Amino acid sequence: MNAKSWLQNKIAEETGLAVDRVNCDEPFETFSLDSLATISISFDIEQAFGLEELNPTVFSEYNSINKLATWIESQQ
Amino acid sequence: MDRIAAVKWNPFSPGYFQNPHEHLRECREENPVQEVFPNAFFFFRHKEVSEYLRHRDLEVSNLSDYFKEKEAYIFKDSGQCPYLSQGMKWWPMYLNHDIHKRIRVAIGKAFNSLPAQEYIAQAFEETNRCFAGRENFDLVDYTGNFIFHIIRQMFNLVNYESYEKIRRFSNLLALGQDLYVPKQVYQELNEAILWGRRIYSDSPFRDIVLAETADLNLGEGDIHSLMMVSLMAAFDTSKDNLSVAMYELLKNPQVRDYITRCDSKQLNPVIEELFRFSSPLQYTIRINRQPLQLEDILIPENSKLYLCIASANRDDRVFDDPDSLVPDRAENPHLSFGGGVHLCLGAAIARQELRICLQPMLSFLEGYEIDEEQPVKFEKQIFMRNLKSVSLRRTR
């Protein structure tokens, strides 16, 4: 599964934005995701990519779709 | 506070869920007061945790209000009927002032009215009958079944379906109060709460709760909220405490032998030590309505104060040799039941369960050992430490 397009779709779903308006280089803060939304996306990432005990702080460490997608793929 | 390079609290640090105490010790020693999230301060030393638990000007947070705010997001496009805020509306650990006192008295009277000793003895016999002669079983199933048989009698759970369903139901109720909970789990909790409306029938417990709250004009949903918190308190924390205590004792033959030989007077310090050591409730929260000064730290009003009971119970300023089970520990000011006006309502029953069953349970488990070939698993829970699975096998 392509992590970048998966994240782009997921963030579009969470924020109500059209997929093509979700910029993969923008920091996550620009999407106004609160902590509950971030944790819920983390939960889906664990399920979708078979990762265990994902630390929700990855969203601040890898703070854009491109950075997080690269990190997810490196974990697989 | 928060000096550069000082350790930061992180429950996702490697191995935390298997054993949080090493990380908590580092936090306590190197960075005992931390602002982990904006206006959310964590406290790790016994001194502050003990003081703030009993502080008259601190309030508890309102979980029902949190859910009211978040339900639109949690249930967006889910097709579910939101019930989280209503379900937790009457949980006394999230109420303050007069209404807290009223609800606490109602639930307390209902618990105190029960013939707990009789229920505990019957549950013990029934559980042993079920597990006797098995070659292998799971310790958590054994302790969980024991507590389940107690609460089945307490709440007259006639339509309970199965131990597994009640265990998951109670676990979700506990999990719903945790940190880092995703909406997917809240949705599962919501379904469980709706399912849970069917499990109680009339019982003396329910009658007392109804009588004590008659003038509050509570509806069915409100009574369900009160019954759920009672069930969760009676099942989950007791199971967690007992399973962790038994697991520790199975690993520690010296303490096990001491307990087997000790008389009823010697048993009380052992029981308190097991509560200290296992700390089933690891954290609790208070809110300061006024600014709070702690040494050189100013905590702004309306901050969340996360009190780490698990860390306070291992503070070597208060407990000698804190990471060892010391069955005859003389002074034991542990905080496992919280403190102040929110002191755990089930403390007396939890103590009674151990007083009646600790020795006979150890005697039943004498012919078993931990199966080292199977992993010991803990749930990914932060606020309530929850042992998920410990395989036992027969030795003779």
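In short, a report on the structure. (Residues numbered from 1 in each chain as written. Chains lettered and ligands numbered in written order. Predicted model: local features only at pLDDT ≥ 70, side-chain atom pairs only at ≥ 80, totals over all residues. Heavy atoms only, no water.)

### Considerations on the pattern of salt bridges
Across all of its chains, the model carries 29 salt bridges over all chains by this definition. Residues Lys183(B) and Glu14(A) are paired through a salt bridge, measuring 3.0 Å at the closest nitrogen-oxygen approach. One end of the pair, Lys183(B), is in helix 9 (residues 183–196); the other, Glu14(A), is in helix 1 (residues 3–15), on a second chain. This pair shows no difference in class: Lys183(B) is buried, exactly as Glu14(A) is. In this structure, Glu220(B) and Arg206(B) form a salt bridge, with 3.3 Å as the shortest nitrogen-oxygen distance. With Glu220(B) in helix 11 (residues 220–250) and Arg206(B) in helix 10 (residues 204–212), this residue pair connects regions lying 14 residues apart in the sequence. For Glu220(B), a relative accessible area of 57% corresponds to the exposed category. Put simply, Arg45(B), Lys47(B), Glu48(B) and Glu295(B) are held in one network by salt bridges that share partners. (Salt bridge = Lys/Arg side-chain N within 4 Å of Asp/Glu carboxyl O. Helix = DSSP H or I, 4+ residues; strand = E, 2+ residues; numbered from the N terminus. Buried < 20%, exposed > 50% of the residue type's maximum accessible area, 1.4 Å probe, protein only.)

### A word on the side chain of His46(B)
All names here are of chain B. Positionally, His46 belongs in helix 2 (residues 46–54). Taking the relative accessible area as the measure of exposure, His46 reaches 8% and is therefore buried. There is a polar contact of 2.9 Å between the side chain of His46 and the backbone oxygen of Pro333. If we skip the residues at most four places from it in the chain, His46 touches Ala312, Asp315, Val318, Phe319, Pro333 and Leu335. (Polar contact = N/O pair within 3.5 Å; in protein donor to acceptor, adjacent residues only side chain to side chain. Contact = heavy atoms within 4.5 Å.)

### Looking at the pairing of strand 1 (residues 33–37) of chain B
All names here are of chain B. Here strand 1 runs beside strand 2 (residues 40–43); their pairing, made up of 4 bridges, is antiparallel. Looking across to strand 2, one finds that Gln34 is bridged to Phe42. Connecting strand 1 to the antiparallel partner strand 2 that follows it, the hairpin turn spans 2 residues, and Asn39 within it adopts a positive phi of roughly 60°. (Pairing = 2+ DSSP bridges.)

### Points about helix 1 of chain A
The end-to-end C-alpha distance of helix 1 of chain A is 18 Å, a good match for the 18 Å that 13 residues give at a rise of 1.5 Å each. The complete set of buried residues in helix 1 of chain A reads Ala3(A), Trp6(A), Leu7(A), Gln8(A), Lys10(A), Ile11(A), Ala12(A) and Glu14(A). In this structure, the buried side of helix 1 of chain A is in contact with helix 2 (35–49) and helix 4 (65–74) of chain A together with helix 3 (63–74) and helix 9 of chain B. You can read the cap of helix 1 of chain A off the contacts: a side-chain oxygen lies 2.9 Å from the backbone nitrogen of Lys4(A), and it is on Asn2(A). One or two positions beyond helix 1 of chain A, positive phi appears at Gly16(A), with a value near 80°. (Expected span 1.5 Å × (residues − 1).)

### Regarding the nonpolar core
In this structure, Ile45(A), Phe146(B), Ile151(B), Met154(B), Phe155(B) and Leu358(B) are the most contacted members of the largest nonpolar core, which totals 123 residues. If you tally residues by element for this core, the top one is helix 11 of chain B, at 16 residues. Beyond its immediate chain neighbours, meaning those up to four positions away, Leu358(B) contacts Met246(B), Leu249(B), Ile259(B), Leu267(B), Val270(B), Ile271(B), Leu274(B) and Glu353(B). Judged by nonpolar contacts, the second largest core, of 18 residues, contains Val7(B), Tyr16(B), Phe42(B) and Phe383(B). (Core = buried A, V, L, I, M, F, W, Y, C linked by side-chain atoms within 4.5 Å.)

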